[in-house]
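An overview of the molecular structure
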Amino acid sequence: DGGITQSPKYLFRKEGQNVTLSCEQNLNHDAMYWYRQDPGQGLRLIYYSQIVNDFQKGDIAEGYSVSREKKESFPLTVTSAQKNPTAFYLCASSIGLGIETQYFGPGTRLLVL
Amino acid sequence: AQKVTQAQTEISVVEKEDVTLDCVYETRDTTYYLFWYKQPPSGELVFLIRRNSFDEQNEISGRYSWNFQKSTSSFNFTITASQVVDSAVYFCALSDAGGTSYGKLTFGQGTILTVHP
């Protein structure tokens, strides 16, 4: 089955710790995205990537980092610089950047201990 | 700058009632795309529909219908004969085809729909 997988489903972070959220897609999509969702709010764009080895900051990139070494994978690292990391993180992909429909993974819920 | 407003934070209906979710958008571009997504309790966003700014024809898909009115910058979503399985958060989103916002989806705050049996 084609789709987007995210792991883990739940992730706990200790103070000062970096954690990495996984996102994999087998849809052969070029573009991938990371969004953050806080309770009662819409999604906000963290980073996006149009193609392998290229990525751009979104609206709330501070405290986050990404890599795009493979077309299928777009991991997100939440660094210790992100002071309020507790949120629901959603990964998405689309055929190309721009007006193409974005399809979403099941999400990872990050909690701070 | 792009903006999407979903004025209804929460809606509660009884099963079989019709319900309309409102979406109003702002953009300076003449070419843009509008989307609706459903987020059930599991959390994953499910794509429902994508419309471009040049196609104002209303669309119906089963119990779902969408009314796009460029004159009022609205893209409303109606569920006919609602069911308990329709309970979810619904998001309206906008993507410009050009300019500095190219490639970015701007989401509304979402509307929580609860359908009671």
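Definitions and limits used
Residues numbered from 1 in each chain as written. Chains lettered and ligands numbered in written order. Predicted model: local features only at pLDDT ≥ 70, side-chain atom pairs only at ≥ 80, totals over all residues. Heavy atoms only, no water. 1 Å grid on protein atoms, 1.4 Å probe; cavity = no way out; pocket = protein on both sides within 12 Å on 5 of 7 lines; lining within 4 Å. Points joined across faces, edges and corners; volume = space filled by probe spheres on them. Helix = DSSP H or I, 4+ residues; strand = E, 2+ residues; numbered from the N terminus. Nonpolar A, V, L, I, M, F, W, Y, C, P; charged D, E, K, R; others polar. Buried < 20%, exposed > 50% of the residue type's maximum accessible area, 1.4 Å probe, protein only. Pairing = 2+ DSSP bridges. Polar contact = N/O pair within 3.5 Å; in protein donor to acceptor, adjacent residues only side chain to side chain. Contact = heavy atoms within 4.5 Å. Salt bridge = Lys/Arg side-chain N within 4 Å of Asp/Glu carboxyl O. Disulfide = S-S within 2.5 Å.

Let's talk about the layout of surface pockets
In this structure, the largest pocket spans a volume of roughly 400 Å³. A:Gln37, A:Pro39, A:Gly40, B:Gln39 and B:Val89 are, among the 22 residues lining the largest pocket, the residues nearest its centre. Sorting the residues of the lining of the largest pocket by element identifies strand 9 (87-94) and strand 11 (108-112) of chain A together with strand 10 (88-96) of chain B as the ones contributing at least two each. Split by residue class, the lining of the largest pocket holds 11 nonpolar, nine polar and two charged.

Describing the pairing of strand 2 (residues 10-14) of chain B
Residues and elements named next belong to chain B. Alternating positions in strand 2 separate cleanly, Ile11 and Val13 being buried on one face and Glu10, Ser12 and Val14 remaining unburied on the opposite face. Pairing of strand 2 with strand 12 (residues 111-116) involves five bridges; the strand directions are parallel. Across the sheet, residue Glu10 finds its bridge partner in strand 12, namely Ile112.

What about the side chain of B:Ser53?
Residues and elements named next belong to chain B. Locating Ser53 in the fold gives a position in the loop between strand 6 (46-52) and strand 7 (59-61). On the basis of relative accessible area, Ser53 is assigned to the buried category, the value being 1%. Within the structure, Ser53 has its side chain in polar contact with the backbone oxygen of Thr30 (distance 2.9 Å). The contact partners of Ser53, leaving out residues within four places of it in the chain, are Thr30, Thr31, Tyr32, Phe68 and Lys70.

A look at the pattern of salt bridges
Between side chains of opposite charge, pairing is possible as soon as their charged atoms come close. Counting across every chain of the model gives six salt bridges over all chains. Of the charged contacts, one joins A:Lys71 and A:Asp30 as a salt bridge, the two residues approaching to 3.4 Å between their closest N and O atoms. Here A:Lys71 is found in the loop between strand 7 (64-66) and strand 8 (76-78), whereas its partner A:Asp30 is found in the loop between strand 3 (19-25) and strand 4 (31-37), with 41 residues between them in sequence. The partner of B:Asp86 in a salt bridge is B:Arg63, and the shortest N-O contact between them spans 2.8 Å. With B:Asp86 in the loop between strand 9 (74-79) and strand 10 and B:Arg63 in the loop between strand 7 and strand 8 (64-69), the pair connects residues that are 23 residues apart, well separated along the chain. When its relative accessible area of 1% is taken as the criterion, B:Asp86 is described as buried. Through salt bridges with shared partners, a single ionic network connects A:Arg36, A:Asp38 and A:Arg44.

Details of the state of the cysteines
Residue and element names in this part refer to chain A. Per the stated rule, a full pass over the model turns up two disulfides over all chains. Here Cys23 engages in a disulfide with Cys91; their sulfurs sit 1.8 Å apart. Torsion about the S-S bond of the Cys23 and Cys91 cystine: about -70 degrees, corresponding to left-handed handedness. Here the residue Cys23 occupies a position in strand 3, and Cys91 occupies one in strand 9, the gap between them amounting to 68 residues. Exposure remark for Cys23: the relative accessible area of 0% places this residue in the buried category.

The analysis is restricted to geometry; functional conclusions fall outside its scope.
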